[in-house]
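Listed below are the residues making up each chain.
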Amino acid sequence: MTLDEGLTLRITGVEPGDEIAGARKVTIATTRGAIALMIHSAPEKGHAVLCVSGAIGGFDGPAMLYSRLGLEMPRRGLTIARLDYRAPNEFGECLVDAMAALTLLGGIGHERVALIGHSFGGAVAINAGTLSPIVTTVIALSSQLAGAHVVGELAPKPLLLIHGGADTILSHQSSQALYDRAGEPKTLKILPGVGHGLAEPDNPSEVFELVSDWLLQKT
């Protein structure tokens, strides 16, 4: 695949690894290096979710959301794939990682895939959502504006934006601006008193419930 930034990546192989707590580590070998995924598989193929993190990388999203999705959503019919970037905070490289993971998910039988990204990853998810035909919806959590200028091209794929009203790292005005630029259908949830990591809702399950309900409806 080749992106507008001039980045070219070719998948050369896929290596399944050990199973850890119900998830299988999968390594995608590419011409730009190895991409690591943790895949929590549903009994049936067809519907999946790709989760991408913020600028520091890693498999876990805010407030352990991605690992909780991996534990709970497969029994509800959704395979959860958690991506660890090869080069965290390098936007073009992280975008091609997401596109490679989407290619893998499509290749193993998932025809409908939702994308979730946190902070820096929100912009990655929005970009990848405009590029991949198998993406059905995008959820951007505490998203940055930089790199998300293509949000208007995402429609008619549904967009859910969630942001903490007390975020001191990226103001909730960032998600408000994305909402204003996006086409329909779109939803914006500002959580009062909640920071960038989305860890302080009055109900600890609030973010999980918002995200899981959306996924079940839109994926």
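For the structure itself, consult the block above.
The structure presented is a predicted model; accordingly, all values stated were derived computationally and were not measured. (Residues numbered from 1 in each chain as written. Predicted model: local features only at pLDDT ≥ 70, side-chain atom pairs only at ≥ 80, totals over all residues. Heavy atoms only, no water.)

Colleague: Which parts of the structure should I look at to understand the overall build of the protein chain?
Modeller: On a plain count of helices and strands, the protein chain comes out with five helices and nine strands. Reading the helices (α) and strands (β) of the protein chain from amino to carboxyl end gives β-β-β-β-α-β-α-β-α-β-β-α-β-α. A compact globule built from 219 residues should have a C-alpha radius of gyration of about 17 Å, and the protein chain, at 16 Å, falls within 12% of that. In terms of overall dimensions, the protein chain has C-alpha extents of about 45 × 40 × 30 Å along its principal axes. (Helix = DSSP H or I, 4+ residues; strand = E, 2+ residues; numbered from the N terminus. Rg over C-alpha atoms; globule rule 2.2 N^0.38 Å.)

Colleague: Hey, could you run me through the sheet that holds strand 9 (residues 186-191) in this one?
Modeller: Two strands in a sheet stick together by hydrogen bonds in their backbones, pointing the same way (parallel) or opposite ways (antiparallel). Across the sheet, which stays open at both edges, the nine strands sit in the order 1-2-3-5-4-6-7-8-9 with mixed pairing between neighbours. Each end of this open sheet is capped by a strand with a single partner; those strands are strand 1 (11-20) and strand 9. In this sheet, adjacent strand axes meet at a mean angle of 20° when their direction is disregarded. Sheet analysis places strand 2 (residues 23-30) next to strand 3 (residues 33-40), joined by seven bridges and oriented antiparallel. Looking at strand 3, one finds that T27 is bridged to A36. (Pairing = 2+ DSSP bridges. Axes fitted to C-alpha atoms, helices over the stretch in contact; angles between N-to-C directions.)

Colleague: Looking at this structure, I do not really get the state of the cysteines. What am I missing?
Modeller: Here a disulfide denotes one covalent bond, and it connects the sulfur atoms of two cysteines. In total, this model carries zero disulfides according to the counting rule given. No disulfide involves C51; its nearest neighbouring cysteine sulfur is the one of C94, lying 15 Å away. (Disulfide = S-S within 2.5 Å.)

Colleague: How should the side chain of T219 be read in this particular structure?
Modeller: Within the secondary structure, T219 sits in the segment after helix 5 (206-218). A distance of 2.8 Å separates a polar side-chain atom of T219 from the backbone oxygen of L215. Leaving out residues up to four positions away in the same chain, T219 has contacts with H47, A48, L78, R112, V113, A114, T136, T137 and W214. (Polar contact = N/O pair within 3.5 Å; in protein donor to acceptor, adjacent residues only side chain to side chain. Contact = heavy atoms within 4.5 Å.)

Colleague: Looking at this structure, I do not really get the pairing of strand 9. What am I missing?
Modeller: In summary, the side chains of a regular strand alternate between the two faces of the sheet. When strand 8 (residues 159-164) meets strand 9, the two strands line up parallel, connected through six bridges. Of the residues in strand 9, the one forming a bridge with G164 is L191. Remark: the strand 8/helix 4 (residues 173-181)/strand 9 crossover connection has right-handed handedness. (Right-handed = clockwise from strand over helix to strand, strands pointing away.)

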